[in-house]
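Observations on the model geometry
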Amino acid sequence: MTTYRFTCIVCPLGCAIEVDVEDGKVLEVKGHTCPRGKEWAVQEVTNPKRVVMSVVPVEGGALPTVSVKTAEPVPKEKIPELMQFLAGIKVKAPVKIGDVVAEWEGIKIVATRGA
Amino acid sequence: MEPFPEIPMLSYDVLVIGGGPAGMAAAVRARELGLKVLLLDENDYLGGILPQCIHPGFGLHYFREELTGPEFAARLAKKLIELGVEYRTSARVLEIKNYSDLEKVVIFTSPSGVYQVWTKAVIYAAGARERHAFEIGIVGDRVSGIYTAGEAQTLMDIYGILPGKEIVIVGSGDVGLIMARRFALEGAKVKAVVELMPYPGGLARNVMILKDFNIPLYLGHKVVEVRGKGRVQRVKVVKVDENLNEVPGSEFWIEADTLVISAGLVPAVKNLKKIGVEIDPATGGPVVNDRLETSVPGIFVAGNSLVINDLVDYVAEQGELAAEGAKEFIDNGGIESRKWVKVEKGSNVRLVVPHYLSGERDVYLYLRVAKPMEDVELGIPEIGKRLKLPVVKPAEMIRVKLKAEEIQNADGKLTVEVVKA
């Protein structure tokens, strides 16, 4: 059995959570003070995900880059792959906040700054 | 009176200095209240530091939705433009002159020339500056590759330039941790985050970042020296004891080409000091009343120029409050109160603003503790106020609402304390 210990990031309380895992199955979650924390902790050990943000170069904009984020959380282990993909894109002005500037494995890459 | 007859003169009710979240929120509110407003910002774009804060986590209180920094800034900028607020970017304030309560002149430079503004009130929302390497006692070679976190962030997230390949970060506050993630995501190796205190300076959710990227965190350590030829090559780290004194023989070197300093912010109030605004040594910002007016009548302050905030939502809220203060000031020729109740710091309270309360309106107190504690009560003994808090940390600003009726019962002063429940 492996015990994972981490700090919950769902809200500012920052509960110290422990998750016992055996053969990829969650046995017990301890230390959480709300159901959202428990759900997050289970996801964190089984399939951790993060919203990823970065910037991509923009041609003809007021600033040289436009900031972007993934429209949904991405599995943590795929983040380096996504960053490689983002490093290869370039967009042209005008870009509006909320524009989908690219798509990667079905996940939309959305502009968070205008250009 | 015409101080500089050769300089073109503009005239406004309120001049807002700073186009970040505090300044934009102030300008929007002042306009909504019917005042003639001009906003100045020295950057060539609005938003202050927000356009480079590309991570999420902004706006949960103010817009009731989680936004990135640029998104938060864009919403305020849109409101500002829709309301027709006049603003000038690339405009740098040289001097504020205080002729009388309702007569102030602000001189600024801009690409189209130098101007002076006659104004009745000033809302100062110029933000903060970052503490730099020399300020935290780092010695050694004056090489390239030493940045503040904000400089590195501007390079990376505005200009698309990675500042280095092997990075040591000083300071584990939210800014340092968020930058650690950005460097790691962009393919740089973050070799260490070095924190002076025995606990991390940032929110727990940001400390998690270090685990995500396997970045070592040295608590109770400090960077004392930088060596390199032309460029940073290595930095010296030393352990400190509980009194923050260096432990002899504990030093070690980390090879790195870049040192990023994220050692906290200081309110940028140089222009206010020059006109005699009283400064609170605990916040580094001005002493203010509950309309966020400084000791110089008609000079208001909001955002990180007032106190270093950890939520942009509070910054925008302070901007609105300052604008309401400016309106009252202009309409009545001053901010009047039957009595001012002084707010004093009690046990484990490092700072608290505002400093003076009128008891004529509800007010938010913003405070920080000196050290982390669990199961505590925030108390104001004079009025029997008690508020239970599960955890308090120096990194997290506490915001408490006081009702006008509660303050009215106070006799001269209120002491805010954080004690074991």
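First, a word on scope: everything that follows refers to the structure included in this document. (Residues numbered from 1 in each chain as written. Chains lettered and ligands numbered in written order. Predicted model: local features only at pLDDT ≥ 70, side-chain atom pairs only at ≥ 80, totals over all residues. Heavy atoms only, no water.)

**Comments concerning the environment of B:Ser305**
All names here are of chain B.
- Here Ser 305 shows up in the loop between β20 (299–301) and α7 (312–332).
- According to the relative accessible area criterion, Ser 305 is buried, its value standing at 0%.
- With 31 residues separating them along the chain, Ser 305 and Glu 336 place their C-alpha atoms 23 Å apart.
- Of the polar contacts made by the side chain of Ser 305, one reaches the backbone nitrogen of Gly 127; its length is 2.8 Å. (Helix = DSSP H or I, 4+ residues; strand = E, 2+ residues; numbered from the N terminus. Buried < 20%, exposed > 50% of the residue type's maximum accessible area, 1.4 Å probe, protein only. Polar contact = N/O pair within 3.5 Å; in protein donor to acceptor, adjacent residues only side chain to side chain.)

**Regarding the packing of aromatic side chains**
Residues and elements named next belong to chain B.
- This model, assessed by the stated rule, comprises nine aromatic pairs over all chains.
- Centroid distance Tyr 62 to Phe 72: 5.9 Å. Interplanar angle 35°. Geometry classified as tilted. Placement of the pair is Tyr 62 in the loop between β3 (56–58) and β4 (67–68) and Phe 72 in helix α2 (residues 69–82), with a sequence separation of 10 residues.
- For Phe 72, a relative accessible area of 0% translates into the label buried.
- With 6.1 Å between their ring centres and 50° between their planes, Tyr 99 and Trp 118 make a pair best called tilted. Of this pair, Tyr 99 sits in strand β6 (residues 92–100) while Trp 118 sits in strand β8 (residues 113–124); the two residues are 19 residues apart in sequence, bridging distant segments of the chain. (Phe/Tyr/Trp six-rings, centres within 6.5 Å; stacked < 30°, edge-to-face > 60°.)

**Some thoughts on the environment of B:Leu94**
All names here are of chain B.
- For Leu 94, the position within the fold is in strand β6.
- For Leu 94 and Phe 213, which are 119 residues apart along the polypeptide, the C-alpha to C-alpha distance reads 44 Å.
- Ignoring any residue separated from it by four or fewer positions in sequence, one finds Leu 94 in contact with Ile 107, Phe 108, Thr 109, Asn 271 and Lys 274. (Contact = heavy atoms within 4.5 Å.)

**Regarding the sheet that holds strand β10 (residues 139–140) of chain B**
All names here are of chain B.
- Judged by pairing direction, the sheet is mixed, and its four strands sit side by side in the order β10-β15-β16-β17 without closing on themselves. Both edges of this open sheet fall to β10 and β17 (252–255), since each of them pairs with a single strand only.
- Bridge count for strand β15 (residues 221–229) against strand β16 (residues 231–239) is eight bridges, and the pairing is antiparallel. What sits directly across from Arg 227, in β16, is Arg 234. (Pairing = 2+ DSSP bridges.)

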